Amino acid sequence: TKKSLDEDQTTNDNSVRLDFHHIMTCIEVRVNCKYEGSVRLTSMTLTDTQGRLVASGSFNCVDGSITPDAYTDKIKITPGRSLNGSNWISNYIIMPEITDLKAEELTLSFVFNNIQAETSFTLPTVMKAGGVNTTIDRLARGYKYTYNLTLDNTLKFVPVGVGEWTKEEVKLPI
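Residues numbered from 1 in each chain as written. Predicted model: local features only at pLDDT ≥ 70, side-chain atom pairs only at ≥ 80, totals over all residues. Heavy atoms only, no water.

**Student:** Hey, could you go over the sheet that holds strand 14 (residues 144-151) for me, with residue numbers and the actual values?
**Tutor:** Strands sit in the order 9-1-14 across an open sheet of three strands; the sheet is mixed. Each end of this open sheet is capped by a strand with a single partner; those strands are strand 9 (89-95) and strand 14. The average angle at which neighbouring strand axes cross in this sheet is 20°, direction not considered. Examined bridge by bridge, strand 1 (residues 25-33) and strand 14 share eight bridges and lie parallel to one another. Each bridged residue has a counterpart across the sheet, and for Val 29 the counterpart in strand 14 is Tyr 147. (Pairing = 2+ DSSP bridges. Helix = DSSP H or I, 4+ residues; strand = E, 2+ residues; numbered from the N terminus. Axes fitted to C-alpha atoms, helices over the stretch in contact; angles between N-to-C directions.)

**Student:** Just give me the short version of the pattern of salt bridges, but keep the residues and values in it.
**Tutor:** Applying the stated criterion across every chain yields a total of five salt bridges. Across the salt bridge formed by Lys 144 and Glu 28, the nearest N and O atoms sit 3.0 Å from each other. Here Lys 144, found in strand 14, pairs with Glu 28, found in strand 1; they are 116 residues apart in sequence, far enough to count as distant. Looking at Lys 144, the relative accessible area reads 48%, which means it is partly exposed. (Salt bridge = Lys/Arg side-chain N within 4 Å of Asp/Glu carboxyl O. Buried < 20%, exposed > 50% of the residue type's maximum accessible area, 1.4 Å probe, protein only.)

**Student:** Would you mind going over the environment of Gln 116 in detail, with residue names and values included?
**Tutor:** Among the secondary structure elements, Gln 116 is positioned in the loop between strand 10 (106-112) and strand 11 (119-122). Between the C-alpha atoms of Gln 116 and Ser 43, which are 73 residues apart in sequence, the distance is 9.9 Å.

**Student:** Tell me about a nonpolar patch on the surface, and please be specific about residues and values.
**Tutor:** A contiguous nonpolar patch, built from Val 16, Leu 18 and Phe 20 and spanning about 390 Å² of accessible area, is present on the exposed surface. Within the secondary structure, Phe 20 sits in the segment before strand 1. Looking at Phe 20, the relative accessible area reads 76%, which means it is exposed. (Patch = residues over 30% accessible without salt bridge, like charges linked within 9 Å, V, L, I, M, F, W, Y side chains within 5 Å. Areas by Shrake-Rupley, 256 points an atom, 1.4 Å probe, with all protein chains shown as cover.)

**Student:** Quick one: what's the story with the packing of aromatic side chains, residue by residue and with numbers?
**Tutor:** Applying the stated criterion across every chain, the model contains two aromatic pairs. Their ring planes at 65° and their centres at 6.0 Å tell us that Phe 110 and Phe 121 sit as a pair that is edge-to-face. Residue Phe 110 is located in strand 10, and its partner Phe 121 is located in strand 11; the two are separated by eleven residues in the primary sequence. When its relative accessible area of 38% is taken as the criterion, Phe 121 is described as partly exposed. (Phe/Tyr/Trp six-rings, centres within 6.5 Å; stacked < 30°, edge-to-face > 60°.)

**Student:** Describe unusual backbone geometry, naming the residues involved and giving the relevant values.
**Tutor:** Notably, Asn 113 is not glycine yet its phi reads approximately 55°, a positive angle. In this structure, Asn 113 sits in the loop between strand 10 and strand 11. Of the residues examined, Asn 113 reaches a relative accessible area of 35% and is grouped as partly exposed. Here Asn 114, not a glycine, exhibits a phi torsion of approximately 60°, which is positive. Take Asn 114: it is sitting in the loop between strand 10 and strand 11. Of the residues examined, Asn 114 reaches a relative accessible area of 54% and is grouped as exposed.

**Student:** I'd like to hear about the side chain of Asp 48, residue by residue, with values.
**Tutor:** Looking at the secondary structure, you find Asp 48 in strand 2 (residues 39-48). Judged by relative accessible area, Asp 48 falls into the buried class, the value being 1%. A polar atom in the side chain of Asp 48 sits 3.0 Å from the backbone nitrogen of Gln 50. Dropping the residues within four chain positions of it, Asp 48 is found in contact with Leu 53, Asp 73, Glu 105 and Leu 106. (Polar contact = N/O pair within 3.5 Å; in protein donor to acceptor, adjacent residues only side chain to side chain. Contact = heavy atoms within 4.5 Å.)

Written out as structure tokens, the structure reads:
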């Protein structure tokens, strides 16, 4: 509610109740490794096939409206965080809400250890909320959508040198 003070009221201390609420939606992606290793989350990219993502803009604090600078189909964050076998590392994408969400429209892609081969996952439109399957038809303001990604193992394919194959003469009775 609006509160107006006249000139006499501004000379004394006044209290005004301020109520805050979220005007954005949040995607939290928690990542960990099942085993110890040297895995680093280089980047995470959210892609929308409908191009409704907003990377920057402004908002009106009086009416809560958001004015995007532009719409885009990708938002990329670069956490550059090391993962280990015991802790979840949380990464957040905070943005205006997306309405009219359909299956297969949003994907998350990950780059680990600065290797350009990406791992992508489609965000499901059915999630458990309070033990009940809930259909997600929007990423609503004031809500956080949490996803866990567990890396099961680290595979290394490393060149170690060149040598001549061992020669051995074997006589076969024919």
